[in-house]
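What follows is each chain in one-letter form.
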Amino acid sequence: MTPVLEIADLQTHFANRDGTVRAVDGVSWNLARGETLGIVGESGCGKSITALSVLRLVPTPPGRIVGGAIRFEGRDLLAMDEAALRRVRGNEISMIFQEPMTSLNPVLTIGRQIAETLMLHQRLPRRAADDRAAEMLDLVRIPEPRRRLGQYPHELSGGMRQRVMIAMALACSPKVLLADEPTTALDVTIQAQILGLMAELKARLGTAIVLITHDLGVVAEMAQRVVVMYAGRKVEEAPVGELFARPLHPYTIGLMASIPRMNRGGTDGGRPRLAEIRGIVPSLKRAPVGCTFAPRCRHADAQCRAAYPPLAEHGPGHVVACWHAGRIAEGGHA
Amino acid sequence: MPEAPLLEVDGLVKHFRLGGGLFAGAGATVHAVDGISFTLRQGETLGLVGESGCGKSTAGKTVLRLLAPTAGAIRVDGADIAALGRAAMRPYRQRMQVIFQDPYASLNPRMTAGTIVGEPLENYGIARGAAKRERVARLFDRVGLRAEQMAKYPHEFSGGQRQRLGIARALALDPRLIVADECVSALDVSVQAQILNLMIDLQEETGVAFLFIAHDLAVVEHISHRVAVMYLGKIVELADKRALFHRPLHPYTEALLQAVPEPDPQVKRTRVVLKGDVPSPLDPPSGCRFHTRCPIAEARCREIEPMIREVAPGQMVACHLR
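Residues numbered from 1 in each chain as written. Chains lettered and ligands numbered in written order. Predicted model: local features only at pLDDT ≥ 70, side-chain atom pairs only at ≥ 80, totals over all residues. Heavy atoms only, no water.

1. Regarding the domain arrangement of chain A
Residues and elements named next belong to chain A.
Argument step 1. Along its sequence, chain A is carved into domain 1 (5-223) and domain 2 (242-260 + 275-331).
Argument step 2. Computed over C-alpha atoms only, the centres of domain 1 and domain 2 are separated by 30 Å.
Argument step 3. Taken together, the 13 residues of domain 1 in the interface contact eleven residues of domain 2.
Argument step 4. Buried surface at the junction of domain 1 and domain 2, summed over both partners, amounts to about 1000 Å²; 67% is from carbon and sulfur atoms.
Argument step 5. Among the residues domain 1 hides against domain 2, the three largest losses belong to Arg22, Glu42 and Leu216. Together they make up 52% of the total.
Argument step 6. Counting the contacts that link domain 1 with domain 2 gives zero salt bridges.
Argument step 7. On inspection of domain 1 and its partner domain 2, the count reaches one residue pair in polar contact (both at pLDDT 80 or more).
Argument step 8. Taken together, the elements giving at least two residues each to the side of domain 1 that touches domain 2 come down to β2 (19-31) and α8 (216-222). (Domains from an automatic or database assignment. Contact = heavy atoms within 4.5 Å. Buried area = accessible area lost by both parts, 1.4 Å probe. Salt bridge = Lys/Arg side-chain N within 4 Å of Asp/Glu carboxyl O. Polar contact = N/O pair within 3.5 Å; in protein donor to acceptor, adjacent residues only side chain to side chain. Helix = DSSP H or I, 4+ residues; strand = E, 2+ residues; numbered from the N terminus.)

Encoded structure:
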């Protein structure tokens, strides 16, 4: 199956006073039609910059896409002129963010904002655009959609705004939805509503989703495949079941061991120690020598400190960038 | 632990009057905390959970008397501090400390880390000069920072290290109680694990009690001995963590636990998704405050407010139907 979106060897750098930060340093992945791909990693790993790069929304300067290719249905988004790109943005590929107010205009009514997208991209007349906007609000289960059309963003709760943003993003039936921490700012009961809504809309509209999150629970629930990023690079990728059952990169293993899980403490009410990943995320200012995770990794040896490990396949669709992944796979991850 | 509780909160109320005449709702009352009671023993962690706007942070600040309570008692070692004046509060302030979510906002950027951590020692006349420096160095060591980092400024530390600084400062006066308000929610999970482990170690060494306020249920289950669940200013359930997480009795607790996505793709869970948003604390619903979202509410729930009572040993629940 040909992927709808293809990222190949993407390099996005930021220039600042002390040099160049390699925020995204050679990342590749594919997104199949109708699929949900999870991208996980901690702050500063480059997951959001990857998504912003897809729509060329990286603030330039200081940011710049310095290498690689981004192909949407075979067309190279990096080679497109602004006018052509505008026809893709918000139309064929749209994006939602953690904070809805970053994409909602506070001085325009909800209805006007959704209708504008439709008038611009789908060339709908005003009347039809308004009707479609009301339909979209109904689709994301906002009660009394007609009345809501006349309201301003500040009149809505956080969960409602997130729904409006999703309605806006999906108004033009995009083929790809880039969702950057879409539920992180929401309470869990509202998060459950929004995740349920996204899954349902995906099933109904066939939109492929790139779901960026730091929350392994959200990924486990939503994604079919997962990319794990660390310090600007993809360190592991696998189908979701495989990744959680058999994580192979020491960083992925560490990440999974460090999260407290509900109902795992047994029934004695004890407080088992959490596994820590010692140390901190490295600076991305220098081109790293060796594996970027080596300073924090208990498997690291001379080879790890000398050369960055290439991505290698360790099972169907399961790739890992670790010199010791084979040994870890054999020995379990004790 | 049979001894008397270190902290006893009894019918605590905190209302805010909205002032000014310009805005809609002026003169209205926010029922942020509306009659909550709990105890905390030495060496114990009580988790306080709930969604935004449930009043958990206000409860923490009011217990510390950073906000003046509207009604109710706050007994520390048996003495009610709810109405104490500034001077009479001072010895209690020494015993009760706080750690906030954003360590950066709570650390003065113009002071060195050593000065920040040593400041309470000087304020309370406990140590100065070389003696102070030595105590600060010991505090640094205790929270996993190096003594030479005392000369650095807050911006030179990572998020996790800044939270260690906040903890060091809170520990400087050997407090008996620390209110930790979302103290790990801004941290990445690998760093969060370091801080949670540190807090448990420190509690085991010093016997300090934690009122651990957070919205992350897995984190709260991990660190707490007992857990209280708040909804719109009320405690709806309070129990040993084992009981609360394995056998929640209040329908809100149940829905809250089911809403947490589990980091295991094999688990296909059944979930009662709550409809709608939390109602406004300006005008909380009549009867049981949860009845507007409750999947099992009956007629009486709309009219009569359920009192919190012991439903199973050590498990307090405020629900007519349980």
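2. Quick word on the sheet that holds strand β2 (residues 29-40) of chain B
All names here are of chain B.
Argument step 1. Across the sheet, which stays open at both edges, the four strands sit in the order β2-β1-β4-β5 with antiparallel pairing between neighbours. Sheet topology places β2 and β5 (79-80) at the edges, where each strand pairs with a single neighbour.
Argument step 2. Strands β1 (7-17), β2 and β4 (71-76) of the sheet are contacted by helix α1 (residues 56-63), whose axis makes an angle of about 115° with β1. (Pairing = 2+ DSSP bridges. Axes fitted to C-alpha atoms, helices over the stretch in contact; angles between N-to-C directions.)

3. What about unusual backbone geometry?
Argument step 1. At the junction of threonine 60 of chain A and proline 61 of chain A, the peptide bond is cis and its omega measures out at -20° in the coordinates.
Argument step 2. With respect to the helices and strands, the residue proline 61 of chain A is situated in the loop between α1 (47-54) and β4 (63-72).
Argument step 3. Even without a glycine there, the phi angle at glutamate 73 of chain A is positive, about 45°.
Argument step 4. Of note, glutamate 73 of chain A is situated in the loop between β4 and β5 (75-76).
Argument step 5. Residue glutamate 73 of chain A is classed as partly exposed on the basis of its relative accessible area, which comes to 29%.
Argument step 6. Positive phi outside glycine occurs at arginine 65 of chain B, with the angle close to 60°.
Argument step 7. Here arginine 65 of chain B lies in the loop between α1 and β4. (Buried < 20%, exposed > 50% of the residue type's maximum accessible area, 1.4 Å probe, protein only.)

4. Quick word on the packing of helix α3 (residues 113-123) of chain B against helix α5 (residues 159-171) of chain B
All names here are of chain B.
Argument step 1. Remark: α3 packs on α5, axes separated minimally by 7 Å, with the N-to-C direction vectors making an angle of 25°. By the angle between their directions, the pair α3 and α5 is classed as roughly parallel. α5 is crossed by α3, and the crossing has right-handed handedness. Of the residues in α5, those in contact with Ala113, Ile116, Val117 and Pro120 of α3 are Leu165, Ala168 and Arg169.
Argument step 2. Of the residues contributing to the contact of α3 with α5, the split by class is six nonpolar, no polar and one charged. (Parallel < 35°, antiparallel > 145°, perpendicular 65-115°, else oblique. Left-handed = near helix turned anticlockwise from the far one by under 90°. Nonpolar A, V, L, I, M, F, W, Y, C, P; charged D, E, K, R; others polar.)

5. Focus on the side chain of threonine 36 of chain A
Residues and elements named next belong to chain A.
Argument step 1. Within the element layout of this structure, threonine 36 appears in strand β3 (residues 36-40).
Argument step 2. On the basis of relative accessible area, threonine 36 is assigned to the buried category, the value being 2%.
Argument step 3. Polar contacts involving the side chain of threonine 36 include one to the side chain of lysine 202, which spans 3.1 Å.
Argument step 4. If we skip the residues at most four places from it in the chain, threonine 36 touches Lys202, Ile209, Leu211, Met222, Ala223, Gln224 and Arg225.

6. Describing the packing of helix α3 (residues 110-121) of chain A against helix α6 (residues 158-170) of chain A
All names here are of chain A.
Argument step 1. One can describe the packing of α3 onto α6 by two numbers: an axis separation of 9 Å at closest approach and a directional angle of 20°. Here α6 runs roughly parallel to α3, going by the angle between their axes. Considering the relative orientation of α3 and α6, their crossing is right-handed. Residue-level inspection shows Ile110, Gln113, Ile114 and Thr117 of α3 in contact with α6, the latter providing Val164, Ala167 and Met168.
Argument step 2. Taken together, the residues of the contact of α3 with α6 sort by class into five nonpolar, two polar and no charged.

7. Let's talk about the interface of chain A and chain B
Argument step 1. Contact residues are listed per partner, giving 44 residues for chain A and 45 residues for chain B.
Argument step 2. Taking both partners together, chain A and chain B bury about 3900 Å²; carbon and sulfur atoms supply 53% of that area.
Argument step 3. Joining chain A to chain B, the criterion identifies three salt bridges.
Argument step 4. The salt bridge involving arginine 273 of chain A is made with aspartate 201 of chain B; its shortest N-O contact spans 2.9 Å.
Argument step 5. There are 16 residue pairs in polar contact (both at pLDDT 80 or more) connecting chain A and chain B.
Argument step 6. For the side of chain A that touches chain B, the secondary-structure elements that each account for two or more residues are α7 (188-205), α8, α9 (240-245) and α10 (250-258) of chain A.

8. Things to note about the packing of aromatic side chains
Argument step 1. A complete count under the given rule lists six aromatic pairs over all chains for this structure.
Argument step 2. Between the aromatic rings of tyrosine 231 of chain B and tyrosine 252 of chain B, the centroid separation amounts to 4.6 Å while the plane-to-plane angle is 55°, which identifies the pairing as tilted. In this pair, tyrosine 231 of chain B sits in strand β9 (residues 226-231) while tyrosine 252 of chain B sits in helix α9 (residues 251-259), placing the two residues 21 residues apart along the sequence.
Argument step 3. You can call tyrosine 252 of chain B buried: its relative accessible area is 0%.
Argument step 4. An aromatic cluster is defined as three or more aromatic residues linked by ring pairs; in this entry it consists of Tyr230, Tyr251 and Phe293 of chain A.
Argument step 5. In this structure, lysine 14 of chain B is placed above the aromatic ring of phenylalanine 16 of chain B, and the distance from its NZ or CZ to the ring centre is 5.1 Å.
Argument step 6. Against the face of tyrosine 124 of chain B rests arginine 90 of chain B, its NZ or CZ located 4.4 Å from the ring centre. (Phe/Tyr/Trp six-rings, centres within 6.5 Å; stacked < 30°, edge-to-face > 60°. Lys NZ or Arg CZ within 6 Å of the ring centre and 35° of its normal.)

9. Focus on the pattern of salt bridges
If charged atoms from side chains of opposite charge come close, those side chains can pair.
Argument step 1. The final tally for this structure, using the stated rule, is 43 salt bridges over all chains.
Argument step 2. The residue arginine 225 of chain A makes a salt bridge to glutamate 35 of chain A at a minimum N-O spacing of 2.7 Å. With a gap of 190 residues between them, arginine 225 of chain A in strand β9 (residues 225-230) and glutamate 35 of chain A in the loop between β2 and β3 connect regions that are remote in the sequence. Judged on exposure class, the residue arginine 225 of chain A and its partner glutamate 35 of chain A are both buried.
Argument step 3. Notably, a salt bridge pairs glutamate 204 of chain B with arginine 271 of chain A, separated by 3.6 Å at the nearest N-O pair. Taken as a pair, glutamate 204 of chain B in helix α6 (residues 189-206) and arginine 271 of chain A in the loop between α10 and α11 (302-306) lie in two separate chains rather than in one.
Argument step 4. Relative accessible area serves as the criterion here: at 58%, glutamate 204 of chain B is assigned to the exposed category.

10. Points about the state of the cysteines
Covalent bonding between the sulfur atoms of two cysteines defines a disulfide.
Argument step 1. In this structure the tally under the stated criterion is zero disulfides over all chains.
Argument step 2. Note on cysteine 319 of chain B: no disulfide assigned, nearest cysteine sulfur contributed by cysteine 294 of chain B at a separation of 6.3 Å. (Disulfide = S-S within 2.5 Å.)

11. Notes on the pairing of strand β8 (residues 209-213) of chain B
Residues and elements named next belong to chain B.
Argument step 1. With five of five residues buried, β8 lies mostly within the body of the structure.
Argument step 2. Both faces of β8 are covered, namely the face carrying Ala209, Leu211 and Ile213 and the face carrying Phe210 and Phe212.
Argument step 3. Taken together, the four bridges between strand β3 (residues 45-49) and β8 define a ladder with parallel strand orientation. Residue pairing in the sheet places leucine 48 in a bridge with isoleucine 213 of β8.
Argument step 4. When strand β7 (residues 177-181) meets β8, the two strands line up parallel, connected through five bridges. Following the sheet pairing, isoleucine 178 is matched in β8 by phenylalanine 210.
Argument step 5. Handedness of the crossover is the feature at issue here: the chain leaves β7, passes through α6, returns alongside β8, and the resulting connection is right-handed. (Right-handed = clockwise from strand over helix to strand, strands pointing away.)

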